[in-house]
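Structural overview for review
Residues per chain, in single letters:
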Amino acid sequence: MVSLIDLIRELCDIPGVSGWEDPVREKIASLVQEHCEELHTDTLGNLIAFKKGAQRPKNKLLFSAHMDEVGFIITHIEEDGLLRFTSVGGIDTRVVVGKSVEIGPQRLYGAVGSKALHLHTDKEREEVPDRDKLFIDIGARSREEALEHVQPGDRAIFYAPFLPLGENCILGRAFDDRAGCALLVKLLQSDLPFDCHFAFTVQEETGCTGAVAAGYAVAPDIAIAVETTTASDIAGVSADKVVSRLGKGPVVSFMDGGTVYDSQLYRLAFDVAQREQIPCQTKSMVAGGNESRSLQTAKAGSRVMAVSLPCRYLHSPSNVLHKQDVEDTYRLLHALIRELGND
Amino acid sequence: MMNTKQILLDFSAVTGIAGKEEQAVQLGAKLLEPYGKVRVHPQGSLLCRVWETDPAAPHLLLDAHIDEIGIIITHIEEDGFLRVAGCGGMDRRILMASPVVIDARSGPVYGVFCSTPPHLTSGKELKNPKVDEMYVDIGCTKEQAEQRVFPGDRGTLYAPSRTLLGDACCGKALDDRAGCTAILYALELLKEDAPCCNLTVLFSSMEEVGGQGAKTAAYEISPTHAIAVDVSFAHTPDAPRAKCGLLGEGPMVGFSPILSHAISRQLCDLAKEEEIPFQTEVMGGKTGTNADQIATTRSGVLTGLVSIPQKYMHTPLETVSVADVENTGRLLAAYVRSLGKEGKGW
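Residues numbered from 1 in each chain as written. Chains lettered and ligands numbered in written order. Predicted model: local features only at pLDDT ≥ 70, side-chain atom pairs only at ≥ 80, totals over all residues.

**Here's the deal with the interface of chain A and chain B**
Stated formally: The contact criterion used here is simple: two residues whose C-beta atoms, placed from the backbone, lie within 7 Å are in contact. The helix count covers DSSP runs of H or I at least four residues long, the strand count covers runs of E at least two residues long, and both are numbered beginning at the N terminus.
Between chain A and chain B, the residue contacts involve 53 residues of the former and 51 residues of the latter. Listed by contribution, the elements that provide at least two residues to the side of chain A that touches chain B are β7 (108-111), α3 (122-126), β9 (163-165) and β10 (169-172) of chain A. Looking at which element gives the most residues to the side of chain A that touches chain B, the answer is β9 of chain A, with three residues.

**Observations regarding unusual backbone geometry**
Comment: phi is negative for the bulk of residues other than glycine, and the bulk of peptide bonds are trans. Residues and elements named next belong to chain A. Cut-off, in case you're wondering: With C-beta atoms placed from the backbone, a residue is buried if 20 or more other C-beta atoms are within 10 Å of its own, exposed if 12 or fewer are, and partly exposed between those counts.
Between aspartate 176 and aspartate 177 the backbone carries a cis peptide bond, its omega angle lying at 10°. Within the secondary structure layout, aspartate 177 lies in helix α5 (residues 175-189). If you check the backbone angles, arginine 107 has positive phi at about 55° while not being a glycine. Looking at where arginine 107 falls in the secondary structure, it is placed in the loop between β6 (100-103) and β7. Taking the C-beta count within 10 Å as the criterion, arginine 107 has 13 such neighbours and is therefore assigned partly exposed.

**A word on the pairing of strand β8 (residues 155-158) of chain A**
Residue and element names in this part refer to chain A. Stated precisely, the cut-off is as follows: Pairing between strands requires that DSSP locate at least two bridges from one strand to the other.
As paired strands, strand β4 (residues 71-77) and β8 are joined by two bridges and run antiparallel to one another. Its bridge partner being in β8, isoleucine 73 is matched across the sheet by arginine 155. Relative to β8, β6 runs antiparallel, the two being bridged by three bridges. When the sheet's bridge partners are listed, valine 101 is paired in β8 with phenylalanine 158.

**Let's talk about the sheet that holds strand β5 (residues 83-88) of chain A**
Residues and elements named next belong to chain A. The criterion, for reference: To obtain each axis, a line is fitted to C-alpha atoms, and for helices this fit is confined to the stretch in contact; angles are then taken between N-to-C directions over 0 to 180 degrees.
Judged by pairing direction, the sheet is antiparallel, and its five strands sit side by side in the order β5-β4-β8-β6-β7 without closing on themselves. What marks the edges here is a single partner per strand, and that holds for β5 and β7. In this sheet, adjacent strand axes meet at a mean angle of 35° when their direction is disregarded. Strand direction decides the pairing type here: β6 and β7, joined by four bridges, are antiparallel. Residue pairing across strands places valine 101 opposite glycine 110, the latter belonging to β7.

**What about the sheet that holds strand β13 (residues 225-233) of chain B?**
All names here are of chain B. Here we have eight strands laid out as an open sheet, ordered β1-β2-β12-β3-β13-β16-β14-β15, and mixed in their pairing. Only two strands of the sheet have a single partner each, and these edge strands are β1 (37-40) and β15 (279-282). Across the sheet, the mean angle from the axis of one strand to that of its neighbour is 25°, orientation sign disregarded. In the sheet, strand β2 (residues 46-51) pairs with strand β12 (residues 198-204) via five bridges, with the strands oriented antiparallel. Bridging from a neighbouring strand, tryptophan 51 pairs with leucine 199 of β12. Each of β2, β3 (59-65), β12, β13 and β16 (302-310) is contacted by helix α4 (residues 174-190), which is oriented at about 135° to β13, the strand it contacts most. Its contacts with the sheet place helix α6 (residues 261-273) against β14 (252-255) and β16, and it is angled at close to 50° to β16.

**Remarks on the nonpolar core**
Side chains of nonpolar character tend, in soluble globular proteins, to be buried together. Using the following cut-off: In plain words, the nonpolar core is the set of buried Ala, Val, Leu, Ile, Met, Phe, Trp, Tyr and Cys residues that C-beta atoms within 7 Å link up.
Grouped together as the largest cluster of nonpolar side chains are 232 residues, with contacts concentrated most on Leu83, Ile136 and Leu184 of chain A together with Leu8, Leu82, Ile183 and Leu332 of chain B. With near-sequence residues (within four places) excluded, leucine 184 of chain A lies in contact with Phe63, Ala65, Phe198, Phe200 and Val226 of chain A.

**Quick notes on the domain arrangement of chain A**
All names here are of chain A. Basically, it comes down to this: Note that the domain bounds reflect an automated or database-derived domain assignment. Residues were grouped as follows: Ala, Val, Leu, Ile, Met, Phe, Trp, Tyr, Cys and Pro as nonpolar; Asp, Glu, Lys and Arg as charged; and all remaining residues, including Gly, as polar.
What the domain assignment lists for chain A is domain 1 (4-69 + 173-342) and domain 2 (71-158). The straight-line distance from the C-alpha centre of domain 1 to that of domain 2 is 31 Å. On the side of domain 2, 12 residues touch domain 1, which itself brings 11 residues to the contact. Its residues placed into classes, the side of domain 1 that touches domain 2 shows four nonpolar, four polar and three charged.

**Some points on the environment of arginine 303 of chain A**
Counting through the fold element by element, arginine 303 of chain A comes out in strand β15 (residues 303-311). By the C-beta count within 10 Å, which is 19 here, arginine 303 of chain A ends up partly exposed.

**Looking at the pairing of β12 of chain B**
All names here are of chain B. Burial runs high along β12: seven of the seven residues are buried. By the alternation rule, side chains of β12 split into Asn198, Thr200, Leu202 and Ser204 and Leu199, Val201 and Phe203, which are all buried. As paired elements, β3 and β12 share seven bridges and run parallel to each other. Bridging across to β12, leucine 61 finds its partner in threonine 200.

**What about the domain arrangement of chain B?**
Residues and elements named next belong to chain B. For chain B, the domain assignment lists domain 1 (4-68 + 172-342) and domain 2 (70-157). Computed over C-alpha atoms, the centres of domain 1 and domain 2 are 32 Å apart. By residue class, the composition of the side of domain 1 that touches domain 2 is four nonpolar, four polar and four charged.

**What about helix α9 (residues 323-342) of chain A?**
For the record, the criterion: Expected span of a helix: the number of residues minus one, times 1.5 Å.
If you check α9 of chain A, its first and last C-alpha atoms are 30 Å apart, about what 20 residues at 1.5 Å a residue would give, namely 28 Å. Regarding α9 of chain A, the residues found buried are Asp325, Val326, Asp328, Thr329, Tyr330, Leu332, Leu333, Leu336, Ile337, Leu340 and Gly341 of chain A.

Following this line, the structure appears as structure tokens:
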């Protein structure tokens, strides 16, 4: 059996910018099809699975994780062969300048270049460039040459290595939310105490679109979004702005920028974690958001919970996860199935 | 003939930050060995005596710097994050969320420049922080960090060396390993020639922090003539056209008060004769390259400057055209031969 970390690595290696999740879905389907009773792709591209457990639960349970990642979309090709682009999902321009990207399914390498610092005015050094002024250089010398390789509408991902960081962490791209997908794949590959539904969703980063359809189709009693959330336990950040910390276990949210969570489920998660001796932390700021907001209002409504991995530098080419958090989150999710099935 | 593209990619991949050039020097020594006796100067530069002939004949020095810009660890914080300074001109605009690799004694240590999460920036005007306001995260507590890195260790932005479409190579450190590659190309062209002058190649250290490598090695070599081979700006839409050359349009011959006007003119004449595409780069004062150091060595050295057009200088995306590198090599070889002719009757 592949380890969770290897599984994250494998899933993160696949490009899957919002609206172009197909290769990720194909990979996940190949990993889970032997382990579930039902598996289908819906109209929007969500992959929805049902797995029988030892018992039927009292509550219909849905676990969701989104397959898409933030990235870029090619908007225009200049006469000189340079590509203009815009962001898909929220990306700070400062993490884009000077980075490289891989475009389209063939992963064509391109540089988000910027003139040499010797040519900058003092003002230019300080100011963040206008996103519309940036371009991707693929080496083409003309529009015709570029068009042989790229079309407007093609997606691009950050080029990013997957590397060990210290003894306990990993560094890479798209942990948001392939790490959540990996946890769900592992759950599907394990023996479950209760029947569960799983949704690997599309277009979370552009408005939690996929989860609207998945929530409608499954209509769960309880929906658990398995996500990554901001950890800003980094130098120079005051304690009240830290949000969550690496190595302190899964993050369970009471409220974020998109959702007020079910308060009983919120407390239950901590009770279960304590009983099972799993470290667990709360999200200590009302910020960000995830597809729980779509799941909460599906049909007549679902009770929602978010269980997230603390992750540094989200929406950049360099996400950081703590390996122990991944293991602890997996254990908490298993324990929650036992608990919520009986609830 | 040598595989120029592969040498560019290999040179880009090795580490050699200003003042700690060993890995790059090791590769450079291997590549220079077929052409002459190679040795490492105490200041870290690499020297190769290619031709040794009549001591009265001109002695030409071909220089390209082998060091690259990077970062240097200045302090380890209580929470294990690193404070760093630029080792050479780091572009502060590109650092956020950039992976880095630190060339530590125990081997490579990976890290990332911290970026600011959106909840701390929303509603605020975004600025590029200065290098000394930033932190590098190596995923360690202070104790773990101290076991892995030491203040003074250097690092680079993690960057693959890659090809783009056409004949472009893209990666870190091509400023100025592209220059080193052009000199190797010239040596390959000259390898069947009988020595027509004294010829020494210098892959110099520490250009990015002031040119100490070229200054000290040039003193020791004591050449009569020199050509510094460096990179200069290739135009992109965000840059002023008048200050740039064009990628793929050939070497840029430098003109500047500190350079020998005769050499600059001769380089242009030779390019025309040999049908080598070339461009000019005119500077009103010093050149900001090793040419400034070499020209003022001892009682003065007649010095020229040839630059390879490069996009995105001082980023991990430095991009050069293989044709420009090879044409620079051709021009250098033509100059070497012309100097031999001139020297008849020393």
